[in-house]
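Take a look at the letters that make up each chain.
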2 protein chains.
Amino acid sequence: MRLKPPYLMFLGDAPDQLAAKTAQGVVDWRPDICMAQLRLDGCKADLGLTDMTLEEAADKGAKTLILGVANRGGKISTEWIAILVRAIELGFDLASGLHNKLTDIPAIVDAAKMHGRQLFDVRHPTETFAVASGKKRSGKRILPVGTDCSVGKMYTALALTKEMQDRDMKVDFRATGQTGIFIVGEGVSVDAVVSDFISGATETLSPANDDDHWDVVEGQGSLFHASYAGVTIGLIHGSQPDYIVLCHEPTRLHMRGLPDFPLPSLTQCMEANLNAARLTNPNVKCIGIAINTKAFSEEEAEAFLKKTEAEMGLPTVDPVRSGVGRLVDALS
Amino acid sequence: MRLKPPYLMFLGDAPDQLAAKTAQGVVDWRPDICMAQLRLDGCKADLGLTDMTLEEAADKGAKTLILGVANRGGKISTEWIAILVRAIELGFDLASGLHNKLTDIPAIVDAAKMHGRQLFDVRHPTETFAVASGKKRSGKRILPVGTDCSVGKMYTALALTKEMQDRDMKVDFRATGQTGIFIVGEGVSVDAVVSDFISGATETLSPANDDDHWDVVEGQGSLFHASYAGVTIGLIHGSQPDYIVLCHEPTRLHMRGLPDFPLPSLTQCMEANLNAARLTNPNVKCIGIAINTKAFSEEEAEAFLKKTEAEMGLPTVDPVRSGVGRLVDALS
């Protein structure tokens, strides 16, 4: 899988801005490859890009139509099919982050075959993975881990990658979810891999590399999330991180979607993740803490970061407010 | 899924006894439902059952043909297809534990449709599972966990179930792998479930029940196995065990298939499993240790069990040599 830029961002008839969250993530991190947006009647989302028709975007050289939108049920609408077929006829590849598959819609499959275009259902890995070998690979790896799901692991990983690129370090972001895959054009949705192959898929995603090369692997789930910990531990074992970064959102009252489950403490979370990671990399260390302080005022945020840093004895940043420079400083 | 007994055990052209390991497990635990075996020319395996043709077994009332055999590559041979179609014509359902699917072979699918018979690919769950809720369910649950893969977790679970049945306790064995599924006729191959749904599938497998009902859930993998720990932790979180039993094979030199990975100590293994299990059941306890002492003489075995029991302070048995009565005694 390798998505071809530039992208035309398809927003369909998204009912609100939140439904375009995935597309927005791609625009935030890769404005250089997001050429324009395509909105249908009734679309309530706006990425701040130029609106173009399929024909206009094709004329200007857009190569892939990105379906980075969630309508009700996360499905490809039947109303979209004619437009998607037209996109294929105009030369677009299609890449979808929705639950149902482009490759299950006969009209789309037929058009792609006829016009020699590619269909990417990024939530549905088509690759066959080997069972993990656990063998140590060359190169260095960083993995953000979280007290919960959706606490800023992807943002932290992307911010680390950008900071390391800015410092001319050899670095790749390794995407493990749909937004990340759209951003870098490749990756594996690890939560959609068959359970036996979670670690194996992660090994494939982050292969042996130069000794001074860094992979920043996108984290998923949390060891403390009763629904998803299997994905998390497989990702930890397969990525063999040299360094973990602890990610946290301090206003979360309970584990996401699980009202009866309190969040772990930062110490408890760090220890459990280091313990799990030691199985495939006994030298793993935690280099610092990334807090999403969006809900706080500037003063509250500063105080919270200081307090956490004092308690944990590790560099503590908000990747948005303060950047991740201090975390990258701590790498060796 | 619900396999109909009695079974005709299909051994095909199994190259040796080991290739029929799955079928042998079914015969060992359920001789009452294994009516006969069907062997082709060149078959080198023998389950000690009466040999019957398809026609003879159908006449005597066999309902399901079980493909519990591994030929090279774990695949359904093309040479078998005509026989399998004939079985369907004679009224058999087919149940396969092989890697490729009965439902991917057009001749078999067509025959099953025409004759109204069912095809079960027990390694490939067809059910759609919900994401785990983590909500505590009524009833009690036991889960054997292991220092490694293939150390006797299924045997221990089946022995516990039998002992509890003999004591007139309300108990069900919940199968999570192919042999277990053939033995009880239903279950879920959890290692073939998409990663996001490991815990959810386990919750479905072991639903809420009477307060005095016990589920003995078949364990899979090991938290210390770098390839499969994701399956294990999902199974732990989803099954919410009240009690775990620690399973171990003392002559294992390294983790199965991973020469660079030593086995954890029993204490380390018990603590890691209890820690993981506490997330969904804070009251979980370890009731004892099940050791596979097959490689030892009677004296060696006895000495090893005694030594382990003294070191760990928990009832320590070999389910084969000494039974699991002392483990069941420890339940409350």
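Let us look at the structure shown here. Everything quoted here is computed from the prediction, not taken from an experiment. (Residues numbered from 1 in each chain as written. Chains lettered and ligands numbered in written order. Predicted model: local features only at pLDDT ≥ 70, side-chain atom pairs only at ≥ 80, totals over all residues. Heavy atoms only, no water.)

Description of the interface of chain B and chain A
Each partner contributes to the interface: chain B provides 28 residues, whereas chain A provides 28 residues. Between chain B and chain A, a total of about 2,300 Å² is buried, with carbon and sulfur atoms accounting for 59% of that surface. Together, B:Ser195, B:Asp196 and B:Leu279 form the three largest contributors to the area buried by chain B at its contact with chain A, with a combined 23%. On inspection of chain B and its partner chain A, the count reaches zero salt bridges. Counting across the chain B and chain A interface gives 10 residue pairs in polar contact (both at pLDDT 80 or more). Looking at the side of chain B that touches chain A, the elements with two or more residues in it are helix H7 (198-205) and helix H8 (229-239) of chain B. Among the elements that take part in the side of chain B that touches chain A, H8(B) stands out by supplying five residues, more than any other. (Contact = heavy atoms within 4.5 Å. Buried area = accessible area lost by both parts, 1.4 Å probe. Salt bridge = Lys/Arg side-chain N within 4 Å of Asp/Glu carboxyl O. Polar contact = N/O pair within 3.5 Å; in protein donor to acceptor, adjacent residues only side chain to side chain. Helix = DSSP H or I, 4+ residues; strand = E, 2+ residues; numbered from the N terminus.)

A short note on the relation of the copies chain B and chain A
One copy of the chain maps onto the second through a rotation about an axis and a displacement along it. Expressed as a screw transformation, the operator carrying chain B onto chain A has a rotation angle of 180° and an axial translation of 0.0 Å, and the superposed copies differ by an RMSD of 0.0 Å. Both chain copies can therefore be described as sitting about a two-fold axis. A symmetric contact is evident, with 100% of the interface residues of chain B recurring at the interface of chain A. (Least-squares fit on C-alpha atoms with pLDDT ≥ 70 in both.)

A closer look at the packing of aromatic side chains
Residues and elements named next belong to chain B. Under the counting rule described, the total for this entry stands at eight aromatic pairs over all chains. On the numbers, 5.0 Å between centres and 70° between planes, the contact of Trp29 with Tyr155 is edge-to-face. Here Trp29, found in helix H1 (residues 21-29), pairs with Tyr155, found in helix H5 (residues 153-166); they are 126 residues apart in sequence, far enough to count as distant. In this structure Tyr155 comes out as partly exposed when scored by relative accessible area, which is 36%. (Phe/Tyr/Trp six-rings, centres within 6.5 Å; stacked < 30°, edge-to-face > 60°. Buried < 20%, exposed > 50% of the residue type's maximum accessible area, 1.4 Å probe, protein only.)

As for the sheet that holds strand E4 (residues 93-96) of chain B
Residue and element names in this part refer to chain B. Judged by pairing direction, the sheet is parallel, and its five strands sit side by side in the order E2-E1-E3-E4-E5 without closing on themselves. Pairing within the sheet leaves two strands with one partner each, and these edge strands are strand E2 (34-39) and strand E5 (119-121). Looking at each pair of strands side by side, their axes are set apart by 20° on average, direction ignored. (Pairing = 2+ DSSP bridges. Axes fitted to C-alpha atoms, helices over the stretch in contact; angles between N-to-C directions.)

Re helix H9 (residues 266-278) of chain A
What sets the pattern is the α-helix's 3.6 residues per turn: residues three or four places apart point alike. All names here are of chain A. With 13 residues, H9 should reach 18 Å at 1.5 Å per residue; the first-to-last C-alpha distance of 18 Å fits that figure. Among the residues making up H9, those that are buried are Leu266, Cys269, Met270, Asn273, Leu274, Ala276 and Ala277. Looking down the long axis of H9, one finds its buried residues gathered within 160° of arc, a one-sided arrangement. (Expected span 1.5 Å × (residues − 1). Arc of directions from axis to C-beta.)

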